[in-house]
Amino acid sequence: MKKILAVFDGLKFSDSTLQYAVKMGIQHNAVITGVFLEDPTYTSRGIYQLYSEKEYALDSVKELVREDRQARDAAVDRFEAACKEAGISYLIHRDKELAIADLIKESRYADLLLMNAGESMTRYTEDSPTHFVREILAGTKCPVLVLPQHFTDIKRVYWLFDGSPVSIHAFKMFSYLLPVLSGLPFDVISADLPETVRYNEMVKELVSLHAPQARYHYLKGQAELEIPLFMRKQEKESLIILGAYQRSALSMVFKASMADILVKEHQWPLFIAHNK
């Protein structure tokens, strides 16, 4: 892996994203590209509200633009300083068009994208997964690591295997991009699968070549209920591999509700990949 995108909102800077980006840059000797999304439609306060409430609204708007620019500049400086201190290679992209379209375009030319689970690119508070996160996960052209609110060292990996081709693809992309993490304690988890699909010999053969230390777990009951319940009992210093996140519940992946539940909890980094 050579190029990692780390996504930042300069008005609501994510310490978690910065810490994971620096750690992965060191581990994988990769270039970290700080993507600072400066969507012109997004400000820290409502411009229309300033016009309606203040007599000298134009001066207030100018001051708002100045404050937001200073905050975004400070965020870039903070990222640059952290990369320099860690001794990792980095690039800075300040994207000034519509945030979702810009980031999806950036993802075409990257190996991995890092993004906080609560990123919204709006001044309003939203529940996770936010509209922004949903759109990026559905449209991204590279795998995404969705990050929790707080940084923790990754000490164990869980692969949620649902028997689909895209689930296998997610495992392979993880193994290719993050070989350092493939050597950690590794657990394969599934639920609600036909007997013929559960950990057939080809699956075990593939896993044994990338993670020979893997353990297998089959949970009885509906995956959307049993897997989150199982994961809540595990250590928080874990990473979870998922198949594609797509809008359609008919796609051959873990149902969207599974990804929604895990993203919403903000507890674990989620490696999400699709092959469309």
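Shown above is the structure to which this text applies.
Residues numbered from 1 in each chain as written. Predicted model: local features only at pLDDT ≥ 70, side-chain atom pairs only at ≥ 80, totals over all residues. Heavy atoms only, no water.

Enquirer: Quick one: what's the story with the environment of Lys 264, residue by residue and with numbers?
Expert: With respect to the secondary-structure elements, Lys 264 resides in helix α10 (residues 256-265). Separated by 137 residues in sequence, Lys 264 and Asp 127 place their C-alpha atoms 7.4 Å apart. (Helix = DSSP H or I, 4+ residues; strand = E, 2+ residues; numbered from the N terminus.)

Enquirer: Quick one: what's the story with the side chain of Ser 120, residue by residue and with numbers?
Expert: Along the chain, Ser 120 turns up in the loop between β4 (112-116) and α5 (131-139). Residue Ser 120 is classed as buried on the basis of its relative accessible area, which comes to 8%. Beyond its immediate stretch of four places on either side in the chain, Ser 120 contacts Lys 12, Glu 126, Thr 130 and Phe 132. (Buried < 20%, exposed > 50% of the residue type's maximum accessible area, 1.4 Å probe, protein only. Contact = heavy atoms within 4.5 Å.)

Enquirer: Please set out the pattern of salt bridges residue by residue, giving values where relevant.
Expert: A complete count under the given rule lists 9 salt bridges for this structure. One salt bridge in this structure joins Lys 23 and Asp 153, with 3.2 Å as the shortest N-O distance. You can see Lys 23 sitting in helix α1 (residues 15-28) and its partner Asp 153 sitting in the loop between β5 (144-147) and β6 (156-160), a full 130 residues away along the chain. Relative accessible area serves as the criterion here: at 33%, Lys 23 is assigned to the partly exposed category. Here Asp 153 falls in the partly exposed class, since its relative accessible area comes to 35%. Ionic pairing is found between Lys 96 and Glu 38, a salt bridge with its closest N-O pair at 2.5 Å. On the criterion of sequence distance, the pair formed by Lys 96 in the loop between β3 (90-95) and α4 (99-107) and Glu 38 in the loop between β2 (31-37) and α2 (47-53) is long-range, its members being 58 residues apart. Residue classification places Glu 38 among the buried residues on the basis of a relative accessible area of 9%. (Salt bridge = Lys/Arg side-chain N within 4 Å of Asp/Glu carboxyl O.)

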